[in-house]
Amino acid sequence: GQQVMQIPQYQHVQEGEDFTTYCNSSTTLSNIQWYKQRPGGHPVFLIQLVKSGEVKKQKRLTFQFGEAKKNSSLHITATQTTDVGTYFCAGRDNRLAFGKGNQVVVIP
Amino acid sequence: DVKVTQSSRYLVKRTGEKVFLECVQDMDHENMFWYRQDPGLGLRLIYFSYDVKMKEKGDIPEGYSVSREKKERFSLILESASTNQTSMYLCASSLFRWNEQFFGPGTRLTVL
């Protein structure tokens, strides 16, 4: 069945540094979505990527969709304490499959 | 702004009880979803509905049923709660089925 893997599962990031989280699918995706869940909160939609090789930016966040539409990455620059939380990717094949998430802890 | 509300933030039930979790959305979305979230397992789809009275099984439907009598309301039913159903339950809705999903605040269910 459709599987979406996220790596790493956990990250500790120093405030001010950059980090990247990755998402890999076993199947070719029609789109990939990213969500952020703050501690104690619920997942909130960040972005959707549709095209092969697509790159989108939201301030300090850069999202990429791989050429083969089987992987994606989220890169955050100059990490702030507000970036703490769990980042989920969700890949759409015939349905939407969520990865297990990347829990990010920011060290002040 | 889309708003998805869930009937309870916290719920404690006993093994064998019938449990109803309610979800309401106010944006006239056709699609509604129930997920459970467990540490290290991410979000797993239990059931979804793409129209009133229409439902489809997700990845882990065993032990659950759903009801969608009105467009804005989607209920998750645990016919006979068991301890392994202790979890965070998240409801979501979307305009287009597998596109952007709007989540409710979640219900943390504990089954004793």
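Above this text is the structure in question.
Residues numbered from 1 in each chain as written. Chains lettered and ligands numbered in written order. Predicted model: local features only at pLDDT ≥ 70, side-chain atom pairs only at ≥ 80, totals over all residues. Heavy atoms only, no water.

K.L.:
Break down the overall build of chain A for me, with residues and values.
P.N.:
Looking only at helices and strands, chain A has zero helices and 11 strands in total. Counting from the amino terminus, helix and strand elements in chain A follow one another as β-β-β-β-β-β-β-β-β-β-β. Taken against the 2.2 N^0.38 rule, which gives 13 Å for 108 residues, the C-alpha radius of gyration of chain A at 13 Å falls within 12% of a compact globule. For chain A, the spread of C-alpha atoms along the principal axes amounts to about 40 × 25 × 20 Å. The 108 residues of chain A split such that 46% are buried. Across chain A, contacts joining residues at least 24 apart in sequence account for 53% of those joining residues at least 6 apart. In chain A, 12 side chains carry a positive charge and 7 a negative one; their mean positions are 9 Å apart. (Helix = DSSP H or I, 4+ residues; strand = E, 2+ residues; numbered from the N terminus. Rg over C-alpha atoms; globule rule 2.2 N^0.38 Å. Buried < 20%, exposed > 50% of the residue type's maximum accessible area, 1.4 Å probe, protein only. Contact = heavy atoms within 4.5 Å. Lys, Arg positive; Asp, Glu negative; His and termini not counted. Charge placed at Lys NZ, Arg CZ, Asp CG, Glu CD.)

K.L.:
Tell me about the sheet that holds strand β8 (residues 73-78) of chain B, residues and numbers included.
P.N.:
Residues and elements named next belong to chain B. Reading across from one edge, β1-β3-β8-β7 is the order of the four strands in this open sheet, with antiparallel pairing throughout. Here the strands that pair on one side only, and so sit at the sheet edges, are β1 (4-6) and β7 (64-70). Geometrically, the sheet is characterised by an average inter-axis angle of 20° between neighbouring strands, direction not taken into account. Here β1 pairs with strand β3 (residues 19-25) via three bridges, running antiparallel. Note on β3: the bridge partner recorded for Val4 is Gln25. (Pairing = 2+ DSSP bridges. Axes fitted to C-alpha atoms, helices over the stretch in contact; angles between N-to-C directions.)

K.L.:
Let's hear about the sheet that holds strand β7 (residues 61-65) of chain A: which residues, and what values?
P.N.:
Sheet strands pair via backbone hydrogen bonds, and the direction of the pair is either parallel or antiparallel. All names here are of chain A. With respect to topology, five strands assemble into an open sheet ordered β1-β3-β8-β7-β6, the strand pairing being antiparallel. Each of the sheet's edge strands pairs with one partner strand only, and the pair in question is β1 (4-7) and β6 (55-58). Within this sheet the neighbouring strands show an average axis-to-axis angle of 15°, counted without direction. The pairing of β7 with strand β8 (residues 71-76) spans five bridges and is antiparallel. Among the inter-strand pairings, Phe65 is bridged to a residue of β8, identified as Ser72.

K.L.:
Any details on the interface of chain A and chain B? Residues and values, ideally.
P.N.:
Across the contact, 18 residues belong to chain A and 21 residues belong to chain B. Interface area for chain A against chain B, summed over the two sides, is near 1,500 Å², with a carbon-plus-sulfur share of 53%. By the criterion of area lost to chain B, the three top residues of chain A are His42, Arg95 and Phe98 of chain A, representing 35% of everything that side buries. At the junction of chain A with chain B, the criterion picks out one salt bridge. Arg95 of chain A is paired through a salt bridge with Glu56 of chain B; the nearest N and O atoms lie 3.4 Å apart. (Buried area = accessible area lost by both parts, 1.4 Å probe. Salt bridge = Lys/Arg side-chain N within 4 Å of Asp/Glu carboxyl O.)

K.L.:
Outline the state of the cysteines, supporting the account with residue identities and numerical values.
P.N.:
Per the stated rule, a full pass over the model turns up two disulfides over all chains. The disulfide partner of Cys23 of chain A is Cys89 of chain A, and the gap between their sulfur atoms is 2.0 Å. Torsion about the S-S bond of the Cys23 of chain A and Cys89 of chain A cystine: about 75°, corresponding to right-handed handedness. Taken together, the residues Cys23 of chain A in strand β3 (residues 19-25) and Cys89 of chain A in strand β9 (residues 85-92) connect sequence positions 66 residues apart. Per residue, the accessibility class of Cys23 of chain A equals that of Cys89 of chain A, and both read buried. Disulfide pairing places Cys23 of chain B opposite Cys91 of chain B at an S-S distance of 1.9 Å. Disulfide Cys23 of chain B-Cys91 of chain B: torsion about the S-S bond near -75°, hence left-handed. (Disulfide = S-S within 2.5 Å.)

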